[in-house]
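# Overview (structure and organization)
Here is what each chain is made of, one letter per residue.
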Amino acid sequence: MSQKLNRAAVWLDTLAPNAPRMAGLCASVQVADGNVDGKPARFIAVVPDANNHYPRAAGGEVGLLEGWTLAKVVSETIAEDADKAEKRAIVAVIDVPSQAYGRREEAFGIHQALAGAAGAYANARLAGHPVVGLIVGKAMSGAFLAHGYQANRLVAFNDQGVMIHAMGKESAARITLRTVEALEKLAATIPPMAYDISNYETLGLLSALLDINNPDAPQSEDVAKVNAALAAAVDDARTDNTLKNRLNAKNRHSSALVRERMRANW
């Protein structure tokens, strides 16, 4: 692979070792069946494809092909398990730098493709599939919304290579009429504007934050830690498939209060 190392590809191989990739998909969406805590699970990753039909998505971005393919895979998983008493866990392995911005993408309806993917993940969650988002690298903009954000539980690595935000720093600086340096200074005091995982954790959206020795080349200790976190997240999701766990953090007090008052007055 000529592109920069993609952690989603690394961890897909690590968590589903020697598992064949699902056939018939675009090269940038890889799916492998493995297990979590000894029970069947489906692992899904978006990875770089230098020969992507849409060049804007060559670096692991989520674009038209990726969005519709994610929707297809997740929807088929729901259909396959429709009559099963216990639905398979679905693990979205996440290292996505952005949605695929481009004129063709906009013209051909990237908003519909990404909405299709997000909708499929939400449907899986509502159908009883424990959906876990494993954030091993970047989780940026519409790419994260389409691939992982609809999960029952989010697990992330406590690492400088993990970055979560609505847009890249340069884009955010332009839209707010600031320099990147000024934006970083402001983000140091306003957690939702920050990019680092430690600030993101204060928003209450993570079920676990893991210290991994080497996210780019995991050893057995790292793999065991991640497998244990996935097992805990899946068990937790089977017990409570709502998203109310995201409102428990101190920095979500106002969000919880607004919801409480809306319910009281509805």
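Predicted, not measured: the structure shown is a model, and the values here were computed from it. (Residues numbered from 1 in each chain as written. Predicted model: local features only at pLDDT ≥ 70, side-chain atom pairs only at ≥ 80, totals over all residues. Heavy atoms only, no water.)

### Description of the overall build of the chain
As a reminder of what qualifies: Numbered from the N terminus, helices here are DSSP runs of H or I no shorter than four residues, and strands are runs of E no shorter than two. Every radius of gyration here is taken over C-alpha atoms, with the globule rule written as 2.2 Å times N^0.38, N being the number of residues. When accessible area is computed with a 1.4 Å probe and restricted to protein chains, residues below 20% of their type maximum are described as buried, those above 50% as exposed, and intermediate ones as partly exposed. By the convention used here, residues are in contact when the closest approach between their heavy atoms is within 4.5 Å. Using a 1.4 Å probe, accessible areas were evaluated by the Shrake-Rupley method; residue-level cover was limited to the displayed protein chains. Under the convention used here, Asp and Glu are negative, Lys and Arg are positive, and both His and the chain ends fall outside the count. By convention, the charge on Lys lies at NZ, on Arg at CZ, on Asp at CG and on Glu at CD.
Along its length, the chain carries 10 helices and seven strands. The C-alpha atoms of the chain give a radius of gyration of 18 Å, which matches the 18 Å a tight globule of 266 residues would have. Referenced to the eigenvectors of the C-alpha coordinate spread, the extents of the chain come out at roughly 45 × 45 × 40 Å. Counting the 266 residues in the chain, one finds 49% classified as buried. When contacts within the chain are restricted to residue pairs at least 6 apart in sequence, long-range pairs at least 24 apart make up 71% of them. Within the structure as shown, the chain displays about 13,200 Å² of accessible surface, and the carbon and sulfur contribution to it stands at 53%. For the chain, the centre of its 28 positive side-chain charges and the centre of its 28 negative side-chain charges are spaced 6 Å apart.

### What about helix α4 (residues 110–126)?
Put simply, the test is: Multiplying 1.5 Å by the helix residue count minus one yields the expected span of that helix.
Its 17 residues place the ends of α4 24 Å apart at the C-alpha level, agreeing with the 24 Å of an ideal helix rising 1.5 Å per residue. Among all positions of α4, only I110, A113, L114, A117, A118, A120, Y121, A122, A124 and R125 are buried. Buried residues belonging to α4 abut β2 (39–46), α2 (64–80), β3 (89–96), α3 (103–107), β4 (131–140) and α5 (141–146).

### Overview of α2
For an α-helix, 3.6 residues make a turn, and residues three or four places apart therefore share a direction. Between the first and last C-alpha of α2 there are 24 Å, a value that for 17 residues agrees with the 24 Å anticipated at 1.5 Å per step. For α2, the full list of buried residues reads L64, E66, G67, T69, L70, A71, V73, V74, T77 and I78. Each element contacted by the buried residues of α2 is listed here: β1 (29–36), β2, β3, α3, α4 and α5.

### Some remarks on the packing of aromatic side chains
Here is the rule we go by: Stacked, edge-to-face and tilted labels apply to pairs of Phe, Tyr and Trp rings (six-membered ring for Trp) whose centres lie within 6.5 Å, assigned for plane angles under 30 degrees, over 60, and everything in between, in that order.
Within this structure, the stated rule accounts for two aromatic pairs. Ring geometry for W11 and F157: centres 5.1 Å apart, planes at 70°, overall edge-to-face. Placement of the pair is W11 in helix α1 (residues 7–15) and F157 in strand β5 (residues 153–157), with a sequence separation of 146 residues. The residues W11 and F157 share a single accessibility class, namely buried. Aromatic pair F144 and Y149: ring centres 5.2 Å apart, planes at 70°, arrangement edge-to-face. Relative accessible area serves as the criterion here: at 25%, Y149 is assigned to the partly exposed category.

### A word on the nonpolar core
Put simply, the test is: Within this scheme, the nonpolar core is defined by two criteria: the residues are buried Ala, Val, Leu, Ile, Met, Phe, Trp, Tyr or Cys, and they are joined through side-chain atoms within 4.5 Å.
In this structure, W11, F43 and I135 are the most contacted members of the largest nonpolar core, which totals 74 residues. Those residues in contact with I135, other than ones at most four positions away along the chain, are I94, F144, L154, V155, A156, F157, V162, I164 and L206.

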